[in-house]
Amino acid sequence: MKRALISVSKKSKVVSDFAAALENFGWEILSTGGTAKFLKSKGVNVKLVEELTGFPSILDGRVKTLHPSIFAGILFDRDKDEHLEDLKKVTALEIDLVFVNFYPFEEVVKKEDATVNDMIENIDIGGPSLVRASAKNFKHVTVIVDEEDIPAVLEELKTLGNTTPDLRKRLAVKAFARTAIYDSVVYNSLWGLFMDKEMPDYLINAAVIESRLRYGENPHQKAALYKNVLTGHILDKVEKVWGKELSYNNLVDFFAGFELIQEFNNPTAVILKHTNPCGVATKDNIYDAYVEALAADPVSAFGGIVLLNREVHEELAFKLNEHFLEIVAAPSFTEKALEILKKKKNRRIIKYLEVETENAEFKSIPGGILLQEKDRILLEREKLEVVTGELDQDTLDELLFAFKVVKHVKSNAIVVAKDFRTLGVGAGQMNRVKAVELALEAAGEDARGAVLASDAFFPFRDSIDLAAKYGIKAIIQPGGSVRDREVIEAAREHGITMVFTHMRHFRH
């Protein structure tokens, strides 16, 4: 007789229907307390595990399946006579299928009112042990940890009388993934509760595939999107209202833009291309903010994405349609605006919420992972140091706007801004003076009376001399160069106000 052990925390009609189907195939069903009671209530004949082991469930159910008779029945190799002899010694019965889902630790730990005791009581011991044993012996045992796999198992049992080796292998791999994910969630949760170190000793992140993307940065690269089991990801708070599926590059650009627009409270528009902002503006209303952001660099904006932090209305939708933008993202859209925006065939429309994202940032290196906190520190005005010139409130506000933007530009990074909109952006250059040149050339004559922000210190006075030629009135930079005195003197000579933040914002 074939025999299945079913012990589940999540009890559903799918579970009872599966057990009933196995019974119809002539299988014997073994189960534990709560699951056995549930299955019996659905008319399934169930044999309690205690009847096999002769050992009662104890310690409030903490020990019920942890018994040699159970694990011997799962782990023994049917091809070895000595294993069969050992099986008889412990009066164990052959178990051919194990269906287990674990205590809901993931759900419990996400509850705001969850206590440490709640978490501890929902750390499953027997379930993962049963699953690992079954997966190890995939040669003979079928293991199920996901209800979605039940139809495939039933189909093979119905047509073949047993599951195929290929299916058992796939289910075993999935089972080991499930136990690994479960343990990682427990580890990360307890680390957060019990440990006070800045960086964990062990980096164990559990993520499940969300979608397989058409390709990566380029068509010849495979790519997929994964979701952190414990924290989820920003797409949980994002709704794709219309358009094709988001590509790898779309997602990377959108997340970069999302981080940037979170810096601003007033009506702001952010236009990005290849993760770098090519136009940012803050105005009294969102329409003017977009118009000014686009005017900053309409050539680079072509084919880019735009994020807006206010609702998109009809007038703005018409304006957005004048330019090719792959993504239009905003907290909300009027019905008329959506109707207008959907006229562009190759556009994605995204509705997003303001949410707090995780503070960790990962980058891979061959054979390893780099982990750092995200660069979210806020500038404190009282800690700014005016090293040359006079600083009025309006100029300070302009400088802070520019510095917020430059923080999100790839290093070496320079931003020229005036009237709360970017005029020129110098991004990703190998030397700072080249980044200054690019930003000032983009700003052109509009640079007169503008401000300039740098993500790191100026190593030489050449950048200051160049800024003076274009009429820059104020510069904000971290300071900290061995030539700070020379740089300050250059600013003084040209009548440029200079502010030190004492805070660098490299972005690689």
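Residues numbered from 1 in each chain as written. Predicted model: local features only at pLDDT ≥ 70, side-chain atom pairs only at ≥ 80, totals over all residues. Heavy atoms only, no water.

Here the focus is the overall build of the chain. Scanning the chain for helices and strands turns up 19 helices and 21 strands. What you see for the chain is a C-alpha radius of gyration of 31 Å, clearly larger than the 23 Å of a compact globule of 508 residues, by over 25%. Oriented by its inertia axes, the alpha-carbon framework of the chain measures out at about 95 × 50 × 45 Å. Within the span of the chain, comprising 508 residues, buried residues form 48% of the whole. Carbon together with sulfur atoms contributes 51% to the accessible area of the chain, which is approximately 25700 Å² in total. Side-chain charges of the chain comprise 67 positive and 77 negative groups, with the mean position of each set lying 5 Å from the other. (Helix = DSSP H or I, 4+ residues; strand = E, 2+ residues; numbered from the N terminus. Rg over C-alpha atoms; globule rule 2.2 N^0.38 Å. Buried < 20%, exposed > 50% of the residue type's maximum accessible area, 1.4 Å probe, protein only. Areas by Shrake-Rupley, 256 points an atom, 1.4 Å probe, with all protein chains shown as cover. Lys, Arg positive; Asp, Glu negative; His and termini not counted. Charge placed at Lys NZ, Arg CZ, Asp CG, Glu CD.)

A cis geometry characterises the amide bond from Ser411 onward to Asn412, with omega recorded as -10°. Mapped onto the fold, Asn412 is located in the loop between helix H16 (393–406) and strand E17 (414–418). Residue His274 is not a glycine yet carries a positive backbone phi of 55°. In this fold, His274 is placed in the loop between strand E9 (268–273) and strand E10 (276–282). Its identity as a non-glycine residue notwithstanding, Asp419 has a phi of 55°, on the positive side. Looking at where Asp419 falls in the secondary structure, it is placed in the loop between E17 and strand E18 (421–426). Residue class for Asp419 comes out partly exposed when judged on its relative accessible area of 46%.

Let us now look at the packing of aromatic side chains. Evaluation of the coordinates by the stated rule reveals 10 aromatic pairs. Where Phe18 meets Phe99, the ring centres are 5.7 Å apart and the plane angle is 85°; that geometry is what we call edge-to-face. Taken together, the positions of Phe18 in helix H1 (residues 13–24) and Phe99 in strand E4 (residues 97–101) put the pair 81 residues apart, joining distant regions of the chain. For the pair Phe18 and Phe99, one class covers both residues: buried. Between Phe254 and Phe258 the ring centres are 6.2 Å apart and the planes differ by 35°, which places this aromatic pair in the tilted class. Here Phe254 and its partner Phe258 are both found in helix H11 (residues 248–261), 4 residues apart, which amounts to about one turn of the helix. The same class applies to Phe254 as to Phe258, namely buried. One aromatic cluster is present, built from ring pairs that chain together Phe254, Phe255, Phe258 and Tyr352. (Phe/Tyr/Trp six-rings, centres within 6.5 Å; stacked < 30°, edge-to-face > 60°.)

A word on the sheet that holds E4. If you walk across this open sheet you meet the 5 strands as E3-E2-E1-E4-E5, and the pairing is parallel. Each edge of the sheet is formed by a strand with only one pairing partner; in this case those strands are strand E3 (47–48) and strand E5 (142–144). In this fold H1 packs onto strand E1 (3–8), strand E2 (28–31), E4 and E5, with an angle of close to 170° to the strand it touches most, E1. (Pairing = 2+ DSSP bridges. Contact = heavy atoms within 4.5 Å. Axes fitted to C-alpha atoms, helices over the stretch in contact; angles between N-to-C directions.)

This part covers the pattern of salt bridges. Overall, the coordinates contain 23 salt bridges when judged by the stated rule. Linking Asp146 and Lys174 is a salt bridge whose minimum nitrogen-to-oxygen distance equals 3.0 Å. Of this pair, Asp146 sits in the loop between E5 and helix H9 (150–160) while Lys174 is found in helix H10 (residues 165–194), placing the two residues 28 residues apart along the sequence. Residue class for Lys174 comes out partly exposed when judged on its relative accessible area of 31%. Of the charged contacts in the structure, one is a salt bridge between Lys240 and Glu245, with a shortest N-O distance of 3.9 Å. Residue Lys240 is classed as partly exposed on the basis of its relative accessible area of 29%. (Salt bridge = Lys/Arg side-chain N within 4 Å of Asp/Glu carboxyl O.)

Where helix H8 (residues 126–136) meets H10, the axes come as close as 9 Å, and the angle between the chain directions of the two elements is 150°. In terms of axis orientation, H8 runs roughly antiparallel to H10. Relative to H10, H8 is oriented so that their crossing is left-handed. Each of Pro128, Val131, Arg132, Ala135 and Lys136 in H8 lies in contact with H10, whose residues at this interface are Ala172, Ala175, Phe176, Thr179 and Tyr182. The residue inventory of the contact of H8 with H10, partitioned by class, reads 7 nonpolar, 1 polar and 2 charged. (Parallel < 35°, antiparallel > 145°, perpendicular 65-115°, else oblique. Left-handed = near helix turned anticlockwise from the far one by under 90°. Nonpolar A, V, L, I, M, F, W, Y, C, P; charged D, E, K, R; others polar.)

Taken together, the side chains of Val116, Ile120, Leu193, Phe194 and Met195 make up a nonpolar region of the molecular surface, amounting to roughly 420 Å² of accessible area. Counting residues per element, the ones that place at least two in the nonpolar patch are helix H7 (116–121) and H10. Mapped onto the fold, Met195 is located in the loop between H10 and strand E6 (207–213). According to the relative accessible area criterion, Met195 is partly exposed, its value standing at 38%. (Patch = residues over 30% accessible without salt bridge, like charges linked within 9 Å, V, L, I, M, F, W, Y side chains within 5 Å.)

Moving on to the side chain of Ser31. Structurally, Ser31 can be placed in strand E2. When its relative accessible area of 0% is taken as the criterion, Ser31 is described as buried. In this structure the side chain of Ser31 is engaged in a polar contact, spanning 2.6 Å, whose partner is the backbone oxygen of Ile6. Beyond its immediate stretch of four places on either side in the chain, Ser31 contacts Leu5, Ile6, Ala36, Leu39, Val46, Lys47, Leu48 and Val49. (Polar contact = N/O pair within 3.5 Å; in protein donor to acceptor, adjacent residues only side chain to side chain.)

Another point: the nonpolar core. Ile6, Phe18, Ile70 and Phe99 are the most contacted members of the largest nonpolar core, which has 55 residues in total. Per-element tally for this core: the top contributor is H10, with 9 residues. Ile6 has contacts with Val15, Phe18, Ala19, Leu22, Ile29, Leu30, Ser31, Thr32, Thr35 and Phe99, leaving out every residue within four places of it along the chain. Core analysis: the second largest hydrophobic core is formed by 41 residues, Ile234, Val238, Phe258 and Val270 among them. (Core = buried A, V, L, I, M, F, W, Y, C linked by side-chain atoms within 4.5 Å.)

Looking along a regular strand, one sees the side chains alternate between the two faces of the sheet. Of the pairings in the sheet, the one linking strand E14 (residues 360–365) to strand E15 (residues 368–373) comprises 6 bridges and is antiparallel in character. Looking at E15, one finds that Ile365 is bridged to Gly368.

Without other data, these values stay purely geometric and don't point to any function.
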